[in-house]
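# Structure assessment
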Amino acid sequence: MIIAPDLLAADADTPFDNCKLAKGLADRMRASSEDLTHRWLDRISARVRLDPNRIFPTDALLDHVPMLILGIADYIENPLKVVLSEVPVVAKAMELGELRFSQGFDEYELLKEYEIFGGILFSFLSRVVDEIDEPCTRGELLACAHRLFMAVALIQQATLTHYLSRVKGRLNERDQRLRGFNRALSHELRNLIGTISGAAEILELGTFSAEQQRTMTAMIVRNSANMKVTLENLVELSRVDEDARQSRHIALPQAAAEVARQLRESARAHGVEIRLPADLPSIDVSAAAFELCLSNLIANAIKYADQSKDKRWVEVRAAVAVSDDGTTETVIEVRDNGIGVPEPKRAELFGRFFRAHEDSYSEIEGTGLGLSIVRDTVTALGGRAWADFHDDGTAFFFTMPHRRAEDDATAPRPPESFAPATESADRTAEGSLR
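This structure is a prediction, so every number in the text was calculated from the model and none was measured.

### A look at the overall build of the chain
Scanning the chain from terminus to terminus reveals 14 helices and seven strands. Within the chain, the proportion of its 434 residues that are buried is 47%. Long-range pairs, those at least 24 residues apart, make up 76% of the contacts in the chain between residues at least 6 apart in sequence. Of the roughly 22,500 Å² that the chain leaves accessible, carbon and sulfur atoms contribute 51%.

Written out as C-alpha cells, the structure reads:
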C-alpha cells in the first residue's frame, strides 16, 4: 500500500491527540526498540533462509534499525508528526531498500518483511497495553492501532519506493546491454553469411581444382554450422532473459563436453588439446548461456595457440563458490598456454570489435566480438567476467548465479585460484564486471 505523506494530516485522529495511552505505548516501544529489532531479525532470517548476519550485515545498520521503531513510536504519540518528515528515519528506510535489492529479495519478500514487522509491533503493543494504568476509551485504543498501521505503511513506502527505483534502473541497464549484445551478434552473423556467400560464389565460377573446391565447401559447412549454433543460442538466451526458470538447463559436464565436441576439429587442426577434468561439478547451468560463453573462450584459445610450443592445450575448470556478499555462484575458468595478451592492450580486452593481436597476427580470423559477448551474456544473468595473465598463457573466468537455493548452505568457499583478485595489476579492468 502506498500512502502519500500529505494525506496524514487529513487522516490524523485529532480528537485523540492528547491520548495518554498513546504516550504510554510509545514509551514502551522506545524502551524495547532493540529487542523488537532482534525479533524482526530472527523472524525474517527464518523465513527467507538467510543467515542473520546477512539480514543486517553490519553492526552500524543493526544499531540504527531501531530508529525506524523510534519513528513509529513518535507517530503513535503524535500523529501530526509525519514519519517521513524525519530525515534519519527516511534514510534508514531507504538503506533497507538498497540492502534488500543487493541481496536479491523480490517484491513479495520485501512486502512480507514489513508484514512481519507490523505483526511484531502490534503483538508487542497488545501485550503491554494492559500494563499501562491510564484511562482510555475504545475510540482511543482503535486510534492507537490505526496510528501504528499508518506509521508502518509510510516506512514501508519509503523502503519499497527506493527498492523499485533500483529495480527499474537495473532493468533499463539490462535492456540497453541486451540491445548492444544483439547488435554485436547481428554483426557476427553478417560476417558468417558473408563468408558463406563468398565461398559459394567462388565455387559457382567452377575454375578451381578439386582440392580448392573441397576447401571452399568445408568453409561453407563450417560457417553454416557455426551460424546455426549461434542462432540456437540466441533463441535460448532470449528465454533466459525473460525468465531464467523457463530456459533449458543441462549438467555442466555434459555442456562442456558438447562444446568440446563442436570445437574438436578446429582444435585438432591447430594441434590444441582440449582438457576437461573428470571432477567438473555436476550442477545445472543455463545451456545457451554457458555453451555460448565457453565456446567463445575455447575458440579464442585455439585461434591464439602458441605454435612455437610442442604441446598446446586449453583446460576447463569449474567450482561452486560463495562470493563476498554471501551469494552462491558457479565459477568457470578457461586456461591456456597460448601467446597471451600484450600488457598495453589488456584493459580493452572485453571491448566490442577489439582484437589484441590485429597487428601482429593479422592472418587470424575474427571480429573482436567473442569476449564482449561473454561479458554481456554473463552480466545479463547477474554474473561477472574477467581475465588473469600469466607468463605461460591466459586464464579467463566467468560466473553464473547458482540456480538452486538449497545448495547455498553447503557450497564451499572458492579456491584461491578462483578468487577475483581485484587489486591485481594483471587483471583487466574492463573484464572485472561490477
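Back to the text.
### Remarks on helix H11 (residues 252-262)
Three or more residues of H11 are buried, namely Leu252, Ala255, Ala256, Val259 and Ala260. Buried residues of H11 fall within an arc of 140 degrees about the axis and therefore sit on the same side.

### A few points about the confidence of the model for the chain
Interpretation of this model should avoid reading the predicted coordinates in detail wherever pLDDT is low. Within the chain, residue pLDDT values average 76, and 72% of them lie at 70 or more. Looking over the chain, one finds the lowest element-wise mean pLDDT in helix H1 (residues 8-11), namely 45, and the highest in strand E2 (residues 272-275), namely 95. Contacts of residues 240-246 to residues separated by more than four positions or lying in other chains number seven contacts, the stretch itself having pLDDT below 50. Taken together, the stretch residues 404-434 has pLDDT below 50 and engages in 61 contacts with residues farther than four places along the chain or on a different chain.

### Let's talk about the environment of Met67
In this fold, Met67 is placed in helix H6 (residues 66-77). When its relative accessible area of 24% is taken as the criterion, Met67 is described as partly exposed. When sequence neighbours within four positions are dropped, the list of residues in contact with Met67 reads Pro88, Val89 and Lys92.

### Section: the pattern of salt bridges
A side chain with one charge may pair with a side chain of the opposite charge, provided their charged atoms come close. Applying the stated criterion across every chain, the model contains 18 salt bridges. Note that Arg317 is salt-bridged to Glu333, the shortest N-O span being 3.1 Å. A residue pair is termed long-range when its members are at least 10 positions apart, and Arg317 in strand E4 (residues 312-322) and Glu333 in strand E5 (residues 328-336) qualify at 16 residues. On the accessibility criterion, Glu333 (0% relative accessible area) is buried.

Conventions used here
- Residues numbered from 1 in each chain as written.
- Predicted model: local features only at pLDDT ≥ 70, side-chain atom pairs only at ≥ 80, totals over all residues.
- Heavy atoms only, no water.
- Helix = DSSP H or I, 4+ residues; strand = E, 2+ residues; numbered from the N terminus.
- Buried < 20%, exposed > 50% of the residue type's maximum accessible area, 1.4 Å probe, protein only.
- Contact = heavy atoms within 4.5 Å.
- Areas by Shrake-Rupley, 256 points an atom, 1.4 Å probe, with all protein chains shown as cover.
- Arc of directions from axis to C-beta.
- pLDDT = per-residue confidence, 0-100.
- Salt bridge = Lys/Arg side-chain N within 4 Å of Asp/Glu carboxyl O.

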